Every structure is written in C-alpha cells, then in structure tokens.
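Inside the fold
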Amino acid sequence: MSDPAVLTAAIRATWFGSDLPDSAIERLATMAREYETPARARLLREGDDTKELSILVDGRIALTEHVASRGSVTLMSAEPGDVFGWSALIPPYRATATVVSLEPVNVIAIEAEPLRAELKANPELAAGIYPRLAEALARRLEATRQQLLDVYGSEQRAPW
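Residues numbered from 1 in each chain as written. Predicted model: local features only at pLDDT ≥ 70, side-chain atom pairs only at ≥ 80, totals over all residues. Heavy atoms only, no water.

Examining the pattern of salt bridges
Summed over all chains, the structure comprises eleven salt bridges. Between D19 and R132 there is a salt bridge, with its nearest N and O atoms 3.8 Å apart. With a gap of 113 residues between them, D19 in the loop between α2 (15-18) and α3 (22-30) and R132 in helix α5 (residues 123-152) connect regions that are remote in the sequence. Since its relative accessible area comes to 62%, D19 is described here as exposed. The exposure class assigned to R132 is buried, which follows from its relative accessible area of 11%. Of the charged contacts in the structure, one is a salt bridge between R45 and D48, with a shortest N-O distance of 3.2 Å. Salt bridges sharing common partners tie together D19, D82, R132, E135 and R139. (Salt bridge = Lys/Arg side-chain N within 4 Å of Asp/Glu carboxyl O. Helix = DSSP H or I, 4+ residues; strand = E, 2+ residues; numbered from the N terminus. Buried < 20%, exposed > 50% of the residue type's maximum accessible area, 1.4 Å probe, protein only.)

What follows is the structure, given as structure tokens:
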C-alpha cells in the first residue's frame, strides 16, 4: 500500500491537485494507490469498466481508439499531471479510449466506487474535483481538435 503522505505530496504536485484544498487532497490519498508500469503496457482498454480515476505522475501515455478499417489510432499523448480514466466518474463508467504507456510511467490511481460515494457525500470535495475534471476534458478536446486540424485542416475550407 502506498504511503498517504507520499500520495498527498504527489497529488498536490500535479496541475490536477495543485488548487485543491488540503482536506480534499488528503481524502483522495486515502482512496489512492501508486503504481509503475513499463513502456508499452496497457493501462486501460476502451469499453471496459473504468475502476479508477488516474493521474499520470511521470512518463507519457497514449490514448488510442479502434477505428474500423484503420485499427488502433492514437488520439493524443498525455504528459505528467494529466488525468485518464475520467469515465470512472461519469455514467456508464466505461473507458472511452485505450491507454498505453509510451515509456515507463508512474501513476496515482484513485478507486472509483469510494470516490463516487465521497463526491456524493462531500460537496466541498465535489466542488474541487468536478471543475478539475472539466478542465481535463477541455484539454482533451483541444488536443483532439488540434489533431483534426493537422489531419484535415488543409483539405477543408469554410463554406462562407
């Protein structure tokens, strides 16, 4: 089991945890574990139940999706501090992408079920977490938009 003090410091050091109140970070740490994986490890599979909200502490990951006739396509890569497994907090709690480590990674994983229960019971924690989750999703949408512009930007023109 991971040391709560180490987890608290690691969460606080990420952009996701940097603005959270100390009490929220400490509560998250009680539901979290830290783990490492080598490069090319699958951390989450598209369509599976998402059992943890995860924060990438060190390393890089790729978020991929299966596309008919093209196979696995990388949607984006994520850097330290980024969140993955956000679908652990949004029904139906199924992964929207496959997550693969591009290099050795260190991750803090927060158990979904206790986190969901705590978010329902603790409005202060929910008020801290959900805006950060929205920011993570906005970052993801912007990265996807940039990728689409790179792929299709020169081929399409506005109709006006």
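Details of the layout of surface pockets
Volume-wise, the second largest pocket comes out at about 200 Å³. If you go around the second largest pocket, you meet 15 residues; those closest to its centre are L63, W86, T96, A97 and R140. Mapped by element, the contributors of at least two residues to the lining of the second largest pocket are β4 (61-67), β5 (71-78) and α5. The element that contributes the greatest number of residues to the lining of the second largest pocket is α5, accounting for three residues. (1 Å grid on protein atoms, 1.4 Å probe; cavity = no way out; pocket = protein on both sides within 12 Å on 5 of 7 lines; lining within 4 Å. Points joined across faces, edges and corners; volume = space filled by probe spheres on them.)

Some thoughts on the side chain of T8
Relative to the assigned elements, T8 resides in helix α1 (residues 4-12). The residues touching T8, leaving out its near neighbours within four places in the chain, are I25, E26 and A29. (Contact = heavy atoms within 4.5 Å.)

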